[in-house]
Amino acid sequence: MLQKIWNHIKKIDYFLDSHTGLLLLLLLVVLLRVPTLSDPYWYGDEAIYLTIGQAMNRGVELYSEIIDHKTPLIYVFAQVGTQLNFRLLLLAWMVVSTIGFYILSLKLLKQKLSAVLATLAFVLLTTLPTFEGHIPNGELFVMGFMIWGGVLMSWTNFFGQFFDDKSTSLTSSRQTLILLGAGVLFGLGILTKVPAVFDMAAFLGIGFFSVTAALFADRSESFFQSLRRALVPMFLIGLGMLIPIAFSVVWFVARGSGQAYLDFGLLYNFRYSGSWELPFTSQFVLFLFSLPGKALITTLVGVSLAAGKKYFTPTAQFVIFWFFLALFASTLSNRPYPHYFLQVMPPLALLFGLVAQSLRKSEAIEISWSGSRVMQVLAAPIALIFFVVVIVLLQVSPYATISYYSNWWNFVRGQTTTEEYRSSFNHLMNDNYAAAVEIASTGDEKLFIWGTNPMLYALTNTEPTGRFTVSFHIADFDAYDETLNDLKEDNPRHIVVMHDEFHEFPGFTAYLNRNYFVEETYDNFTLWRRQPFKL
């Protein structure tokens, strides 16, 4: 018995010694995310997710009875109910994602130190507030699905033959199941946020580069063999991807929400991606940021990587291609929102690992550098320049990082009051928390906010009287009559009117003045209460 216990202790000790770097990085993930657990309900998108998740917990049907314009899984995650639970879920999710990224880095870079450095870059880029890594945005949940889908792929011949010409010992049936499983994870990523399809395309690019390697080698027999070997795994991955998507369609159709799911969960993304006005006038630059322009750039990158195979290792081909596809995905709508660029961080981190791998190979100065190693070292700086240029042109404003942590530290030490701490995130916070006490005291589940303040819905665990959580959705769909009818039907005890709301809402003001009275006027909104004699 004692011998068995001792053997287990030795195994644990060996594991800890072998993976000290990873364990330290996981500790870093946890430590950097602890301050996020103290945040107030301040962030709009997160509040929308929570509002919808809370409504779904009460049986409200997604898309047909309450809507946003993203695919459904992010709202399923938000059914954890509170912001603290949502942040804890994200913390656990990113720990698991970091483990997956480290495993994938080891497979690609084949050096533990390079994998640790790449994972360190991944942790910093996806955790710090700079690009909103501290908030449960869809990109972070997508990341976990795509990374672990890549890990599953790395256990197959499809992956191994391209990167190191080695075959696995798995049977054909097991490899089929693994490829289907990888596709299912990719499909779940797409059901979390549609641009995940570009990450999937990067992993399918392994098949593209395998085939073109034979094509540019000018061996027709090898080309057709490579084509056959690539098509079957790519088909299985695609089939796996369709499984959760098809299930989601059947699910919503069966619940009578099929058309709403198509309109808001899927097709609205096309409308959303083309409605932003770019901040420059140059026709050439405008073309580069158009869908055809970005597609052309990505295609040229892919063809150049394939044609210049002798200058790039298979890992460099894959990582660079992934980077440009992710950059394409993050600029689909050309909006300057920092969290969109989180999708670029995994391949960008791998590029830094690729540089570390190449530099370590040249420990002796007399060893000459091949063209492929020069290109690998240059890949990260070039990609970073590309990334920065896009950020600057789109006028993206990254979030403050040092002040975020220093502000939290001052709050923990009692040098900042709760009110000061909350207001440092958002000017609405003190008003929201004060009004929430009154709204929650009535016990009502319904509330109507005319304007953009979904944080108050999430904070008070109430749901909108209609399908829309923010006024710009009502305006966008010209749903004023529908919203007013829903408001009259639900007859909520409280209505909040934001002072900065500029859209005209026909009939709303007259209804409000006839049926409600001003209970409290705050700096940013007015809280109205239903007349006691109104039914």
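Note that the structure is predicted; figures quoted are calculated from it, not measured.

(A) Examining the overall build of the protein chain more closely. Counting secondary structure elements, the protein chain contains 24 helices and five strands. In the protein chain, buried positions account for 54% of the 535 residues. Taking the intrachain contacts of the protein chain between residues at least 6 apart in sequence as the baseline, contacts between residues at least 24 apart amount to 71%. For the protein chain, the accessible area works out to roughly 23900 Å², and carbon and sulfur atoms hold 65% of it.

(B) A look at the pattern of salt bridges. Tallied over the entire structure, the rule returns 13 salt bridges. Linking Asp490 and Lys446 is a salt bridge whose minimum nitrogen-to-oxygen distance equals 3.7 Å. Taken together, the residues span a long stretch of sequence, with Asp490 in helix α23 (residues 480-490) and Lys446 in strand β1 (residues 446-450) at a distance of 44 residues. Its salt-bridge partner being Glu519, residue Arg529 comes within 3.2 Å of it at the nearest N-O pair. Pair noted here: Arg529 is in strand β5 (residues 525-530) and Glu519 is in strand β4 (residues 516-521), with a separation of ten residues, a long-range link. Because the salt bridges share partners, they merge into one network encompassing Arg58, Glu445, Lys446, Glu463 and Asp490.

(C) Region of the structure containing helix α6 (residues 112-127). In this model α6 runs 22 Å from its N-terminal to its C-terminal C-alpha over 16 residues, within 8% of the 22 Å that 1.5 Å per residue would give. Taken residue by residue, α6 has Ser114, Ala115, Val116, Ala118, Thr119, Ala121, Phe122, Val123, Thr126 and Thr127 as its buried positions.

(D) Seen up close, the pairing of β4. As paired elements, β4 and β5 share five bridges and run antiparallel to each other. Looking across to β5, one finds that Tyr516 is bridged to Arg530. The hairpin formed by β4 and β5 contains three residues between the paired strands.

(E) Structural context of unusual backbone geometry. Despite not being glycine, Glu132 has its phi angle at roughly 65°, a positive value. Tracing the backbone through its elements, the reader meets Glu132 in the loop between α6 and α7 (138-153). According to the relative accessible area criterion, Glu132 is buried, its value standing at 2%. Residues other than glycine seldom take positive phi values, yet Gln395 does so here, at roughly 60°. Topologically, Gln395 is positioned in the loop between α17 (371-393) and α18 (402-412).

(F) View of the confidence of the model for the protein chain. With 90% of its residues at a pLDDT of 70 or more, the protein chain shows a mean pLDDT of 89. Low pLDDT, under 50, characterises residues 363-369; the predicted model gives this stretch eight contacts beyond four residues in sequence or across chains.

(G) Geometry of the nonpolar core. Among the nonpolar cores identified, the biggest contains 163 residues, and Phe341 and Leu351 are the most heavily contacted of them. When residues of this core are assigned to their parent elements, the largest contribution, 13 residues, is made by helix α15 (residues 314-330). Contacts of Phe341, omitting those with residues within four sequence positions, involve Phe131, Leu327, Ser330, Thr331, Arg335, Phe387, Val390, Ile391, Leu394 and Val396.

(H) Spatial organisation of the packing of aromatic side chains. Applying the stated criterion to the full structure yields 48 aromatic pairs. Considering the side-chain rings of Tyr63 and Tyr261, the 5.4 Å spacing of their centres and the 35° angle between planes classify their relative orientation as tilted. Of this pair, Tyr63 sits in the loop between α3 (44-57) and α4 (73-77) while Tyr261 sits in helix α12 (residues 258-273), and the two are 198 residues apart along the sequence. By relative accessible area, which is 0% here, Tyr63 ends up buried. What makes Tyr261 buried here is its relative accessible area of 2%. An aromatic cluster of three or more residues is present, and its members are Trp42, Tyr43, Tyr399, Tyr404, Tyr405, Phe411, Tyr421 and Phe425. We note Arg422 situated over the ring of Tyr433; from NZ or CZ to the ring centre the distance is 3.7 Å.

(I) Here's a closer look at the sheet that holds β5. A sheet is described by the order of its strands in space; here five strands give the open sequence β2-β1-β3-β5-β4, paired in mixed fashion. Bordering the open sheet on either side are β2 (463-464) and β4, each of which pairs with just one other strand. Pairing geometry for strand β3 (residues 494-498) and β5, over five bridges, is antiparallel. Counterpart to His494 in the pairing with β5 is Arg529. Across the sheet, helix α24 (residues 508-515) is in contact with β1, β3, β4 and β5; its angle to β4 comes to roughly 90°.

(J) Spotlight on the side chain of Asp39. By the secondary structure assignment, Asp39 is in the loop between α2 (20-33) and α3. Within the local environment of Asp39, its side chain forms a polar contact with the side chain of Tyr404, the two groups lying 3.0 Å apart.

(K) Summary view of α15. When the terminal C-alpha atoms of α15 are compared, their 24 Å separation across 17 residues agrees well with the 24 Å that a helix rising 1.5 Å per residue should span. The buried fraction of α15 is high, at 16 of 17 residues.

(L) Structural detail: a nonpolar patch on the surface. Together, Leu113, Leu117, Leu120 and Leu124 make up an exposed nonpolar region whose accessible area comes to about 300 Å². Position of Leu124 relative to the elements: it lies in helix α6.

(M) Expanded view of the environment of Gln395. Distance in space between the C-alpha atoms of Gln395 and Pro338 is 10.0 Å, their sequence separation being 57 residues. When residues no more than four places from it in sequence are discounted, the contact partners of Gln395 are Pro279 and Pro336.

(N) Inspection of the packing of α3 against helix α5 (residues 83-109) at higher detail. At a minimum axis distance of 11 Å, the contact between α3 and α5 shows a crossing angle of 105°. Looking at the two axes, α3 sits roughly perpendicular to α5. On α5, the residues touching Glu46, Tyr49 and Leu50 of α3 are Gln83, Phe86 and Arg87. Of the residues assigned to the contact of α3 with α5, the class counts are three nonpolar, one polar and two charged.

(O) Focus on the side chain of Asn524. Looking at where Asn524 falls in the secondary structure, it is placed in the loop between β4 and β5. Residue class for Asn524 comes out buried when judged on its relative accessible area of 17%. A polar atom in the side chain of Asn524 sits 2.8 Å from the side chain of Asp431. Residues in contact with Asn524, not counting those within four places in the same chain, are His427, Leu428, Asp431, Met498 and His499.

(P) Structural context of the environment of Thr36. With respect to the element layout, Thr36 can be found in the loop between α2 and α3. For Thr36, a relative accessible area of 2% corresponds to the buried category. Each C-alpha atom of the pair Thr36 and Tyr404 lies 9.5 Å from the other, and the pair is 368 residues apart in sequence. In this view, Thr36 contacts Arg87, His134 and Tyr404; residues no more than four positions away in its chain are not counted. Within polar-contact distance, the side chain of Thr36 engages the backbone oxygen of Arg33 at 2.5 Å.

Cut-off values and rules
Residues numbered from 1 in each chain as written. Predicted model: local features only at pLDDT ≥ 70, side-chain atom pairs only at ≥ 80, totals over all residues. Heavy atoms only, no water. Helix = DSSP H or I, 4+ residues; strand = E, 2+ residues; numbered from the N terminus. Buried < 20%, exposed > 50% of the residue type's maximum accessible area, 1.4 Å probe, protein only. Contact = heavy atoms within 4.5 Å. Areas by Shrake-Rupley, 256 points an atom, 1.4 Å probe, with all protein chains shown as cover. Salt bridge = Lys/Arg side-chain N within 4 Å of Asp/Glu carboxyl O. Expected span 1.5 Å × (residues − 1). Pairing = 2+ DSSP bridges. pLDDT = per-residue confidence, 0-100. Core = buried A, V, L, I, M, F, W, Y, C linked by side-chain atoms within 4.5 Å. Phe/Tyr/Trp six-rings, centres within 6.5 Å; stacked < 30°, edge-to-face > 60°. Lys NZ or Arg CZ within 6 Å of the ring centre and 35° of its normal. Axes fitted to C-alpha atoms, helices over the stretch in contact; angles between N-to-C directions. Polar contact = N/O pair within 3.5 Å; in protein donor to acceptor, adjacent residues only side chain to side chain. Patch = residues over 30% accessible without salt bridge, like charges linked within 9 Å, V, L, I, M, F, W, Y side chains within 5 Å. Parallel < 35°, antiparallel > 145°, perpendicular 65-115°, else oblique. Nonpolar A, V, L, I, M, F, W, Y, C, P; charged D, E, K, R; others polar.

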